[in-house]
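What the coordinates show
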Amino acid sequence: MFIMWITYIFAISHKDKERMKDSTLLQIAKDFGSPVYVYDAEKIEFQYKRLTKAFSKVKNLKLNYAVKALSNISVLRLFNKLGSGIDTVSIQELRLGLKAGFKPEDIIFTPNGVSLEEIEEAAKLGVQINIDNLSILEQFGTKHPKVPVCIRINPHVMAGGNTNISVGHIDSKFGISIHQIPLLLRIVENTNMNINGIHMHTGSDILDIDVFLYASEILFDTAKNFKTLQFIDFGSGFKVPYKKGDIETNIEELGEKLSQRFNEFCKEYGKDLTLAFEPGKFLVSEAGVFLAKVNVVKQTTSTVFAQVDSGFNHLIRPMLYGSQHDILNISNPKGRERFYSVVGYICETDTFANNRRISEINENDILCFKNAGAYCYSMASNYNSRYRPAEVLLYKGKAHLIRKRETFDDILNNQVEIVL
Ligand SMILES: *Cc1c(COP(=O)(O)O)cnc(C)c1O
């Protein structure tokens, strides 16, 4: 079975390369222009099914794709087709989900620090709401005691690599601290509100499964305080590899261990609860690439810059988080490798990579940035009054334009030109 699975993963990842071939990507850059984001629908589907399979021993599993990772409506439609739910963090994402065809019961609203009015608006639309602070919980519970509410707990566990279980995150703005459970219970009792789910999302990468399981125990302990639960939501944090040597969350092992523990807990609790997750990165990161054209190769006294027709206005993760996205020269994949600093064209330091080994770059070559599915387009801006790029979805062997490149009208849209 294990061997079969490994062979399957190998065969599929081989097919990834077949679908996202250099020649296909170059043709897309030619047809749709650069810069452009390209997503592989089959890779998204593969990741979705892989996660589902890892938790197949759980009777009721619910995956809610985190919309903020990549929020194109056609991508949302793909998730809807796969049977996924969605996790939304703003009323706008929620409305986008409804427009993409999700039913309210397939949507969870998990914002942080939004107004009572926004939560009430979401509740009115019939979606599952999730509250992460005591003040709003009390106000909402007082006004709407009948509306089922999920609460976000902060277990104060940080998955900090290796086996360190750090009780950090005390300063985190997310969730209700486990140390405030007594006050939380009093609010629930006083308002007689209906708590139907509990949730955590620590935001850290799950590098060590034992740390994640440790945090889950805290969630189980908290769950015992509520008699009306329908689900427990374990958030996300699944790590995917960005560069060679990166650790990836072992989903299969996590699935095996957490499923077993979850099933035991359901027995103790006396009810088959639903196990929920809300992954973003795991589902879409590796499915996306970003293609940009080299405008200038500039040799200075200390380095060789390859300057592309993009910048942190289109892909901010390297500048914002120091993320390393692999960069390939798909116009000259067999060329001699040399060292380059890949930078953008905006008037600000916008470094994508320093001193990277890339096959020889010439002007007009197309560079391919990997892992561009999650938190790339969704964080793009118009800085320097540049257009946001086009988005293309590869679906069943065909390249579909799913977002047009912006035009000058988009730059002016909503600007009010007063006569001075
Ligand atoms: C962003 C977010 C996620 C998704 O996190 P990933 O690391 O992309 O999997 C899940 N849940 C909540 C509440 C989030 O804010």
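Residues numbered from 1 in each chain as written. Predicted model: local features only at pLDDT ≥ 70, side-chain atom pairs only at ≥ 80, totals over all residues. Heavy atoms only, no water.

1. Points about the UniProt feature "binding site: substrate" (unreviewed entry) in the protein chain
Here is the rule we go by: UniProt positions are given in the numbering used here, feature names are shortened, and annotations may be inferred rather than shown by experiment. In this analysis a 1.4 Å probe is tested at points of a 1 Å grid over the protein atoms alone, and where it fits but cannot get out there is a cavity; an open set with protein on both sides within 12 Å along at least five of seven lines is a pocket; lining residues have an atom within 4 Å of a point. The way it works is that DSSP assigns letters per residue, a run of H or I at least four long becomes a helix, a run of E at least two long becomes a strand, and they are numbered from the N terminus. Here, residues are in contact when the closest pair of their heavy atoms is within 4.5 Å.
In this structure's numbering, the residues bearing the UniProt feature "binding site: substrate" (unreviewed entry) are R317, Y321, E348 and Y375. Within the annotated group, the residues that form the lining of the second largest pocket are R317, Y321 and Y375. Relative to the helices and strands, Y321 resides in helix α12 (residues 317–321). Mapped onto the elements, Y375 comes out in the loop between β18 (366–369) and β19 (390–395). If we ignore the near neighbours within four places in the chain, the residues touching Y375 are K68, A69, K281 and R317.

2. Here we look at the UniProt feature "binding site: pyridoxal 5'-phosphate" (unreviewed entry) in the protein chain
How we decide: Each residue's exposure class comes from its accessible area (1.4 Å probe, protein chains only) as a fraction of the maximum for that residue type: buried when under 20%, exposed when over 50%, partly exposed otherwise.
As annotated by UniProt and renumbered to match this structure, "binding site: pyridoxal 5'-phosphate" (unreviewed entry) occupies G237 and Y375. Considering the C-alpha atoms alone, the annotated residues occupy 139 residues of sequence yet fold into one spot, their largest mutual distance being 13.8 Å. Cross-referencing the annotated residues with the second largest pocket identifies G237 and Y375 as lining it. Along the chain, G237 turns up in the loop between β11 (231–233) and α10 (251–269). Here G237 falls in the buried class, since its relative accessible area comes to 10%. If we skip the residues at most four places from it in the chain, G237 touches H201, S204, D205, I206 and T249.

3. Some points on the state of the cysteines
For clarity, the threshold we go by: The rule for a disulfide is simple: a pair of cysteine sulfur atoms within 2.5 Å.
Scanning all chains against the criterion turns up zero disulfides. Note on C376: no disulfide assigned, nearest cysteine sulfur contributed by C368 at a separation of 12 Å.

4. Let's talk about the domain arrangement of the protein chain
Put simply, an interface is often sized by how much accessible area is lost when its parts join up. Definition in use: The domain limits used here are those given by an automatic or database domain assignment. As used here, buried area is the combined drop in accessible area, with a 1.4 Å probe, of two parts when they are placed together. A side-chain nitrogen of Lys or Arg and a carboxyl oxygen of Asp or Glu constitute a salt bridge if their distance falls within 4 Å. As used in this structure description, the phrase polar contact means that two N or O atoms lie within 3.5 Å; if the pair is within protein, one of them must be able to donate a hydrogen and the other to accept it, and residues adjacent in sequence are counted only when both atoms belong to side chains. When residue character is reported, Ala, Val, Leu, Ile, Met, Phe, Trp, Tyr, Cys and Pro are called nonpolar, Asp, Glu, Lys and Arg charged, and the others, Gly included, polar.
On domain assignment, one finds that the protein chain holds domain 1 (41–283) and domain 2 (288–386). Listed as interface residues are nine residues of domain 1 and, on the opposing side, ten residues of domain 2. Taking both sides of the interface into account, the surface hidden between domain 1 and domain 2 amounts to around 930 Å²; carbon and sulfur atoms contribute 50%. When the buried surface of domain 1 facing domain 2 is broken down by residue, A69, Y242 and K243 rank first, second and third, together holding 57% of it. Where domain 1 meets domain 2, there are zero salt bridges. The tally of links from domain 1 across to domain 2 stands at five residue pairs in polar contact (both at pLDDT 80 or more). Taken together, the residues of the side of domain 1 that touches domain 2 break down into five nonpolar, one polar and three charged.

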